[in-house]
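Examining the three-dimensional arrangement
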Amino acid sequence: MTRPTDYPQHRTIVVLGIAPRAWRGRTELVQEQRHKALSGVIERSFRRAGLTLETTYREAGDNGDLILVAPDVPKAAIAEKWLRQLARQLNRYNADRSEDDRLGLHVAVHAGEVLRGERRPSGPGVVLAFRLFDSAAFRVAATAHGVSVIASDWFFDEVIRHTEEAGAYARVRVEVKDTSTVAWIRTGETRVVEADRADFAVVYASADAEWAEWIAFQLRQAGYSAVLDARALRPSRLGSTPELDRVDRTVVVVSQNLSAQEISAARNLPGDVIAVQVAVRTATKLFQRTCDLVGLGSEAARDRLLAALGIAGGGVEGPGYPGDPGPTTVPVVRDEPRAPRLVVVVTKPDHVFAKALTESLAGLLSEGALSQVALRFVDESFDFDTVVVPVVRDADLVLLVVSRYLLATGYGASRELGVALERHRRKAAVVLPVVARPTSWEEQPFGSLAPLPTGGRPVVDWDSLDEALLSVVEGVRFAARQLRGEPPMPVDAKTVAEPRSLGDVFTVAGVPTVTFVEPDDFVEFRMSLRQPGLGIVLEGPSGIGKTTMLRNAVARDRDRLGEVTVLSARNPADLPAITALPDEHTGLVAVDDFQRLPADLQNKLADYLKLLADNSSHERRLVLLGIPGTARHLVSVGTDVATRIRVFRLGAAVEGLIVKMIEQGENALNIAFDRKAEISRASAGSLLTAQMLCWQIAVTAGVEQTEPGRKAVRTDLAHARAKVTERLKLKYHDVVVDFVTRDRPDEAVCVDLLLELARTPDGILRLDEQRAELFEGLRGDHLFHDPRGRRLVADDPQFRFYLGQLRRDDLVELAGKRLPVPRDQVFVCYSHQDAYWLTRLQVHLKPLPLDVWSDRRIELGDQWHREITAALARAKAALVLVSADSLASDYINSEELPRLLAAAEEGGCRIIPVLVGPSLFHETPALSRFQGVPAKSTLSELPPHDGERVLADLAARLAKLSG
C-alpha cells in the first residue's frame, strides 16, 4: 500500500537557530538550557499565531533546526503571523534576562517539494534553505539580538511581497558552494536597509574574505548597510560592477593578495574610497585615504576602522578578528558566477521553430555562455492563475516564442509570467519576446520589452531562417553577458589620453567617426568605389549607416577618390543639381534617398549609370543610396543595368554590430553602460537610434567628455526613450496629426496604418486596398506614399522611433476620434479581501472563449485608474463579488458600481451579483434588484462541492450570454 510519505509534499521549509554569539564560551549545561528555551519559544509562537503543530515536523541539527510546516498551513500565515509571534515570544524571553543571557534567532524560510522518507526529509528545497541559513551574506547581515530572517527569492516573490512585511526586507546576492541565487534579508534591527542602495561596499580578494566579513560586521553594528564584492577588482570585471554605483562609500581590503593592476583599479572606483591595509608591504600610498590595521588587536582595529570612516559604534562580539591568532573560519564567497539558465516558453504549434531555436542555442551551452536550455510547453488547459513551474521561476533568461497561439492561451496574463516580469524589473532575470509570427503583441503585459530578432521583425518574414536565428542567438548572448556582468571592451590608454566630447563620440546628427563600425563587406565596397565606370547602389533601411559607410570609405581612400559630394532627394535645394548630373557631373557624387526622386528622374539616372559604365569613366563616379528594393527598381527600368552596377545591402543592424558601436563609444569616453544589450534591442536595429539613446543616457549620468577614470553609467532606458521622444515631438507632431485625421471621425484606419508602419523593420508598409484619398498631398519630408509600388514609406529613422513610442489610445484622442466602444468583456468587480473567490471564478471561466477582466491585469507602471475606466466601458457583463468587504469599499461604491449601474440602465451591460460572503446585500437596493447567485445563501456558507457547482452553472450562463 502506498503511504502519504511516499509522495513529496509542497511545504514551507524553515531552518532556525540561535545566533552564534550565544554559544561562545558556554558550557554544555547552558547550551542544553538554551535549546529547551528555543523549543518553548517556537511552540508558543506557533500556538499564539493560531497554527497547528500536529503535522509539523521538527528536527534538531548542528547547523540549525529544520521545521517543515504542515502543508495545510498558509504560507502567508508563516510570513506574517508566525514570524511576528516568534519575535514577540523571543522579546518576552529576553525581557527579564541579562545582556549575556539574551538570545538572538536566525531564520531561513523557503518552500518546495519535500519527501518524508524513512530517514530525514530530503529535497532541493531543504538543501537551499540550509545554504541560505549558512550563507556569508546572512551571517554578516544578521544581528545578535532579535529575529533575523533570510527568505528565498521564490518565497519573497510568492508570499512576502504581498504582505505588510515586504518593506522590511533587503535584496542580497548569496553564493554558497554551487548555489548562486538572490535572497531577501530582514534583520532584528528597527532600521531598514534600502534594497537599491547601501552605505558601504567592501571589495577584496577572495583570500581576504574573513577580513571583508569582519569589516562589514563592524559597519553593520554601527548602523550602516554594507555589500561585499569579491570580484569587483578582477580585470574581467573592471567597469562592469553597477553595484558599486549604488553605494556611497567603498572600502578596499588591501593585502598582498591584490595585484598591482587591481590596486590601480581600486583607486578609480566611484565614490569615496578608503584603503584598509591588513598586511605589511602593500601599496596604499596610491590612495588618498588609508587605514592601517596591521599588528592591532580586535578592539583597537575596530576603533581605528570606525574612526577612519568617521562613524561611531561597535562593541558587539561578531566574527573572529582575522588579525588575532586562530581566526574563525567562514565561508568564502564563490569567485565565478554561474552561467545563466534559459527556458523557452512555447506552444505546441510552434514546436518546429522551438526545436530549431534550441539547436541554435546549443553553441552557447558549449562555450559556457549558458548552463541550461529548457523548453516549457503551454496551452489553454494550464491553470495560469496559480501555477508557476520551477523551470520558469528559477530561470535567468526567459524566451517567449510570440505568436497568435501563445496569445490565445492567455499566458500573457498568467501568474507565472508575472513572476518572471517582476524578476526582470528587479534585474534578477531577463525576459525576451521572440516574435515568431506576425501578431499584435505590443498590448500584452510583456509588450514594452525589446524583442528579438532585432527590431521585432517576425521570424517568418525573414528571407533566411538561419539569419533570424543568428539574430536571436546574438541577442541571447549579450543578455547572458549582461547577467554575468562581463566586461565591455578593455580600456585603450591611447584613447583615454585623447579626451573627446560626448557629442563627438555619440552623434545625434551628422556622420559618426569615433563609433563607426565596419560592416562585413566594407573592404569590397571600398574596392568597388575605385573601379572606373562601375555604378554603386547602397541600399538598406534609413538609419542603418549608409551615408556613414560611404563617407568613411572615401576618407580611407581620399588620395584616389578625392572628396565626395552627397546630394539628397529629401532636400529641394539639391534637386536641380541631381537633375543636371548627366550634363555637369565631375568627381564622386552620391544621390541619397533615391526612392524619393520623381519617376522620370529615376529613369534618367538609370540611363546615366549605363553610360558611365560603357565609358569606364575615371573622372566621374555615381553612387545611389536608397531603401531596400532600390536596385530591383533600377533593373525594372532597364534590365541591362544589372550588369553595370554593384549592389551592397545593409540589413537591419544585428545585435552584435550595435553593441560593438556602443563599446567603441564606451572606450572613447572611458565609461561603462550597465545595460548595453537592452540599449541595443531598444534601438530596433538602427545605429542612429542607438547613438541617440547612448547620448541621452550619458548626459543623464553627467558625462560630458572622456572621464579620467572608468565610470559606471546606470541606464534608465525608459527615461532616455521619453527624453528623445520629447525632443522629437516638436519635429514630428504636425506630421502625425495630419495623417491620423485624414479618415472619418468614427474610424481609425490611419491610426492603425501609422502604428503598423512603426512596427515594420525597414519603414516600408505594403498597402492593400486603402482609399486613395487618404494619401493625397502626403509626399513630404517624413512620410510619403509611393502609388506605383503601393507602399507607405517612413524612411526617417528618428520618425520611426518616435512612432514606436506612441500608443493607439493617445493617437485616437489626439485625432479627436469618437470610436464606438465594443462591449465584449466580462468585468469582475471585487474586493481584494475576496481574492480567493476571484481565483476560483477564473478557473471555471478559463475554458470559455470569454475575455474576463479583473485588476490583476494591471501591471507595474500602468495607470490603474485609466485601465479600470477603459475596462468598465467595454463590459458586456459584470460579475460583482458581494461581501461585507466589497460593500464597504469606497472605490467600488464611488467609481465602479455607478458606471456599471449606468451601463445596465442603458442596456449595454448585464450585472450578476455573486454572493461570496455574508453581507447586507438585500438591504442594498441598487444591487439587490439584480438576481444574485447563489439564490438562498453565500458561497462561503455552502459546502465546497456545492460552491463549485454554483460557479460552474454561472460559467455556463455566461457562455450562453456571449453567444
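Going by the structure above, here's the rest.
Bear in mind that the values here come from a model prediction, so they are computed numbers and not experimental data. (Residues numbered from 1 in each chain as written. Predicted model: local features only at pLDDT ≥ 70, side-chain atom pairs only at ≥ 80, totals over all residues. Heavy atoms only, no water.)

Each helix and strand in the protein was counted, giving 35 helices and 30 strands. Across the protein, the fraction of contacts at a sequence separation of at least 24, relative to all contacts at a separation of at least 6, is 73%. Just so you have it, the protein exposes about 42,800 Å², and 50% of that area is on carbon and sulfur atoms. (Helix = DSSP H or I, 4+ residues; strand = E, 2+ residues; numbered from the N terminus. Contact = heavy atoms within 4.5 Å. Areas by Shrake-Rupley, 256 points an atom, 1.4 Å probe, with all protein chains shown as cover.)

Before going further, it helps to examine the packing of helix α26 (residues 717-740) against helix α27 (residues 749-759). Following both chains from N to C, one finds α26 and α27 inclined at 130 degrees, their axes separated by 8 Å at the closest point. When the axes of α26 and α27 are compared, the pair comes out oblique. Judged by residue contacts, V736, F739 and V740 of α26 engage C750, V751, L753 and L754 from α27. Along the lines of polarity and charge, the residues of the contact of α26 with α27 split into seven nonpolar, no polar and no charged. (Axes fitted to C-alpha atoms, helices over the stretch in contact; angles between N-to-C directions. Parallel < 35°, antiparallel > 145°, perpendicular 65-115°, else oblique. Nonpolar A, V, L, I, M, F, W, Y, C, P; charged D, E, K, R; others polar.)

If you walk across this open sheet you meet the four strands as β14-β13-β15-β16, and the pairing is parallel. In this open sheet, the two strands that pair with only one neighbour each are β14 (372-378) and β16 (430-435). With strand direction ignored, the average angle separating the axes of adjacent strands in the sheet is 20 degrees. Two strands pair when backbone bridges link them, and strand β13 (residues 341-347) and strand β15 (residues 397-402) are joined in this way by four bridges, in the parallel orientation. Pairing of V345 across the sheet is with L400, part of β15. Contacts from helix α9 (residues 351-366) reach β13, β14, β15 and β16 within the one sheet, and its direction differs from that of β14 by about 165 degrees. Packing of helix α12 (residues 415-425) onto the sheet brings it into contact with β14, β15 and β16, and relative to β16 it is tilted by some 120 degrees. (Pairing = 2+ DSSP bridges.)

Within the open sheet, the four strands sit side by side as β28-β27-β29-β30. Their pairing is parallel. Where the open sheet ends on each side, the last strands, each with one partner, are β28 (852-853) and β30 (910-915). Where strand β29 (residues 875-882) lies against β30, six bridges are found, and the strand directions are parallel. What sits directly across from L881, in β30, is V914.

Let's shift gears to the environment of A207. Looking at where A207 falls in the secondary structure, it is placed in the loop between β8 (198-203) and α6 (209-221). Under the relative-accessibility criterion, A207 is labelled exposed at 60%. (Buried < 20%, exposed > 50% of the residue type's maximum accessible area, 1.4 Å probe, protein only.)

In contact at an axis separation of 10 Å, helix α16 (residues 522-530) and helix α17 (residues 546-556) are set at 65 degrees when each is read in the N-to-C sense. Viewed along their axes, α16 and α17 adopt a mutual orientation that is roughly perpendicular. α16 and α17 meet at a crossing whose hand is right-handed. Along the contact surface, α16 presents F522, F525, R526 and L529, while α17 presents M549, L550, N552, A553, V554 and R556. Considered class by class, the residues forming the contact of α16 with α17 number seven nonpolar, one polar and two charged. (Left-handed = near helix turned anticlockwise from the far one by under 90°.)

Moving on, we come to the pattern of salt bridges. With the rule as written, the count across this model stands at 15 salt bridges. Of the charged contacts in the structure, one is a salt bridge between R341 and D396, with a shortest N-O distance of 3.6 Å. Residue R341 is found in strand β13, and its partner D396 is found in the loop between α10 (390-393) and β15; the two are separated by 55 residues along the sequence. We classify R341 as partly exposed; its relative accessible area is 27%. Judged by relative accessible area, D396 falls into the buried class, the value being 8%. For E747, the salt bridge is made with R744, and the minimal N-O distance between the two is 3.2 Å. On the basis of relative accessibility, which here comes to 12%, the residue E747 falls in the buried class. Taking relative accessible area as the criterion, R744 reaches 47% and is therefore assigned partly exposed. (Salt bridge = Lys/Arg side-chain N within 4 Å of Asp/Glu carboxyl O.)

Attention shifts here to a positive patch on the surface. Taken together, the side chains of R47, R48, R88 and R92 make up a positively charged region of the molecular surface. Elements that contribute at least two residues to the positive patch include exactly α1 (28-48) and α2 (75-95). Relative to the helices and strands, R92 resides in helix α2. Residue class for R92 comes out partly exposed when judged on its relative accessible area of 48%. (Patch = residues over 30% accessible without salt bridge, like charges linked within 9 Å, V, L, I, M, F, W, Y side chains within 5 Å. Lys, Arg positive; Asp, Glu negative; His and termini not counted. Charge placed at Lys NZ, Arg CZ, Asp CG, Glu CD.)

By the criterion of burial, helix α3 (residues 124-134) is predominantly enclosed, with eight of the eleven residues buried. Among the residues of α3, G125, V126, L128, A129, F130, R131, L132 and F133 are the ones counted as buried.

Of all hydrophobic cores here, the largest spans 51 residues; its most connected members are F673, F739, L783 and L792. With eight residues, α26 is the largest single contributor of residues to this core. Residues contacting F739, with those up to four places away along its chain left out, are C750, L753, L754, F775, L778, L783 and L792. The next biggest cluster of nonpolar side chains, apart from the first, holds 40 residues, and it includes V69, W82, L103 and A428. (Core = buried A, V, L, I, M, F, W, Y, C linked by side-chain atoms within 4.5 Å.)

The subject of this paragraph is the side chain of D157. Mapping D157 onto the fold places it in helix α5 (residues 153-158). For D157, the residues in contact, after removing those within four places along its chain, are H162, R415, V419, E422, R423 and R426.

So, on to the environment of D394. Summarising the element assignment, D394 is placed in the loop between α10 and β15. The exposure class of D394 is partly exposed, given its relative accessible area of 31%. As a C-alpha pair, D394 and D153 span 241 residues in sequence and 9.0 Å in three-dimensional space. Look past the residues within four positions of D394 in its chain and what remains in contact with it is R341 and R423.

Look at the link from L452 to P453: it is a cis peptide, with omega at -10 degrees. Along the chain, the position of P453 falls in the loop between β16 and α13 (465-484). Note the cis peptide between V933 and P934, where omega equals -10 degrees. Structurally, P934 is set in the loop between α34 (925-928) and α35 (944-962). Phi at N670 is positive, roughly 60 degrees, even though this residue is not glycine.

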